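Structural overview for review
Chain residues, written in single-letter form:
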Amino acid sequence: MITLSKTEVIFMLTMLQLTPELRQLLEVIACRGGDIDDDVADELRDMCTNYLDEIGYDEDYEPTKNGEKLEDLIDKLFVG
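These notes cover the structure that comes with them. None of the values given here were measured: they were computed from a predicted structure. (Residues numbered from 1 in each chain as written. Predicted model: local features only at pLDDT ≥ 70, side-chain atom pairs only at ≥ 80, totals over all residues. Heavy atoms only, no water.)

Among the nonpolar cores identified, the biggest contains 24 residues, and Leu26, Ile36 and Leu44 are the most heavily contacted of them. Elements with a minimum of two residues in this core: α1 (6–15), α2 (20–32), α3 (38–55) and α4 (65–76). Residue contributions to this core peak at 6 residues, all from α3. Residue contacts for Leu44: discarding those within four places in its chain leaves Met12, Leu18, Leu22, Leu26, Ile36 and Leu77. (Core = buried A, V, L, I, M, F, W, Y, C linked by side-chain atoms within 4.5 Å. Buried < 20%, exposed > 50% of the residue type's maximum accessible area, 1.4 Å probe, protein only. Helix = DSSP H or I, 4+ residues; strand = E, 2+ residues; numbered from the N terminus. Contact = heavy atoms within 4.5 Å.)

Take a look at the structure:
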């Protein structure tokens, strides 16, 4: 189980193109708190990785602020 902060959840809600099920789960976590299981973490990590490739770097291939946040989330969501 992985615990996400409210800030992390809100970031994902605003930045990622989530499935309706993931959106609903994250909205509940944003309001009430809670954890996500490994399967959800894998799915969110994949979405963060894809979005990082799209918007995460500037023209010099340096991470943008959102890119840094996505990198942090990818690390946190890694289930070894």
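This brings us to the packing of α1 against α2. At a minimum axis separation of 9 Å, α1 and α2 run at an interaxial angle of 150°. Of the possible angle classes, the one that applies to α1 and α2 is roughly antiparallel. α1 and α2 meet at a crossing whose hand is left-handed. Contacts between α1 and α2 involve Lys6, Val9, Met12 and Leu13 from the former and Arg23, Leu26, Glu27, Ile29 and Ala30 from the latter. Partitioning the contact of α1 with α2 into residue classes produces 6 nonpolar, no polar and 3 charged. (Axes fitted to C-alpha atoms, helices over the stretch in contact; angles between N-to-C directions. Parallel < 35°, antiparallel > 145°, perpendicular 65-115°, else oblique. Left-handed = near helix turned anticlockwise from the far one by under 90°. Nonpolar A, V, L, I, M, F, W, Y, C, P; charged D, E, K, R; others polar.)

The complete set of buried residues in α1 reads Glu8, Val9, Phe11, Met12, Leu13 and Met15. The inward-facing, buried residues of α1 contact β1 (2–3), α2, α3 and α4.

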